[in-house]
Amino acid sequence: EGRDGYLPQLYSETTGNNRELAYSLGEDLRDEYADTEARAAAILRYIQTWTTYGYDSDNVIMRGQSQDEWAWNADEMAHSIDTAAGIAAVGDCEDLSFLGATMYTAAGIETALVDAPGHVALLIWLPDYPNANQYWELTGDTRGAGWIWVEATGSDNPLGWTPPDFLDGYWSA
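A brief report on the enclosed structure follows. No experiment lies behind these values; they were computed from the predicted model shown.

**Comments concerning the overall build of the protein chain**
Phase 1: Helix and strand counts for the protein chain come out as 6 helices and 7 strands.
Phase 2: Taken from the N to the C terminus, the helices and strands of the protein chain come in the order α-α-α-β-α-β-β-α-β-α-β-β-β.
Phase 3: In the protein chain, buried positions account for 45% of the 173 residues.
Phase 4: In the protein chain, of all internal contacts separated by at least 6 residues, the share reaching a separation of at least 24 is 60%.
Phase 5: Working note: accessible area of the protein chain is about 9200 Å², and carbon and sulfur atoms make up 46% of it.

**Notes on the pattern of salt bridges**
Phase 1: Enumeration over the complete set of coordinates arrives at 3 salt bridges.
Phase 2: Residue arginine 143 pairs with aspartate 141 through a salt bridge whose shortest N-O separation is 2.9 Å.
Phase 3: Accessibility expressed as a relative area gives 38% for arginine 143, which makes it partly exposed.
Phase 4: What makes aspartate 141 buried here is its relative accessible area of 15%.
Phase 5: Sharing partners across several salt bridges, the network here consists of Glu110, Asp141 and Arg143.

**Quick look at the packing of helix H2 (residues 21–32) against helix H3 (residues 36–50)**
Phase 1: Put simply, H2 and H3 touch, their axes get as near as 9 Å, and they point 140° apart. The orientation of H2 with respect to H3, classified from their angle, is oblique. Of the two elements, H2 crosses H3, and the hand of that crossing is right-handed. Within the contact between the two elements, H2 uses Leu25, Leu29 and Arg30 and H3 uses Arg39, Ala42, Ile43 and Tyr46.
Phase 2: Of the residues that constitute the contact of H2 with H3, the class distribution is 5 nonpolar, no polar and 2 charged.

Thresholds applied
- Residues numbered from 1 in each chain as written.
- Predicted model: local features only at pLDDT ≥ 70, side-chain atom pairs only at ≥ 80, totals over all residues.
- Heavy atoms only, no water.
- Helix = DSSP H or I, 4+ residues; strand = E, 2+ residues; numbered from the N terminus.
- Buried < 20%, exposed > 50% of the residue type's maximum accessible area, 1.4 Å probe, protein only.
- Contact = heavy atoms within 4.5 Å.
- Areas by Shrake-Rupley, 256 points an atom, 1.4 Å probe, with all protein chains shown as cover.
- Salt bridge = Lys/Arg side-chain N within 4 Å of Asp/Glu carboxyl O.
- Axes fitted to C-alpha atoms, helices over the stretch in contact; angles between N-to-C directions.
- Parallel < 35°, antiparallel > 145°, perpendicular 65-115°, else oblique.
- Left-handed = near helix turned anticlockwise from the far one by under 90°.
- Nonpolar A, V, L, I, M, F, W, Y, C, P; charged D, E, K, R; others polar.

Pasting the structure below:
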């Protein structure tokens, strides 16, 4: 999918037979939180605690060259985190979204990646969550509105909060 065809490869690198650290983090939170809403909030809290937003051009250097656009898979992000030393992973919106999608999937919560103009975020299927500012319906999903936004790029963004710039729905998932 996508113009450059990279999304399925990144997904397959951290799920199925290739599941590793990021997936196991989601499984651990699934086992720790029986309540789905509490589990969903805990995953977002983990990502917001252990990642820092950073532009690729400032943080990704390959062969001595700054990269304008780069996508880390979920395990690359997870391995950059060192909770014992207090070290957070650095990534931009798609990096945080790929990490979140893997963790939510492992925790038994359906996910969809949001491809918005200049931004990537997540939706999770949580129709009974009481605190979302918008419940989304996705094309082809016959269950109706029940997808809520997960915005991991800010440490204070609450679960279910769709940023004002994206309330118009001019994005795909």
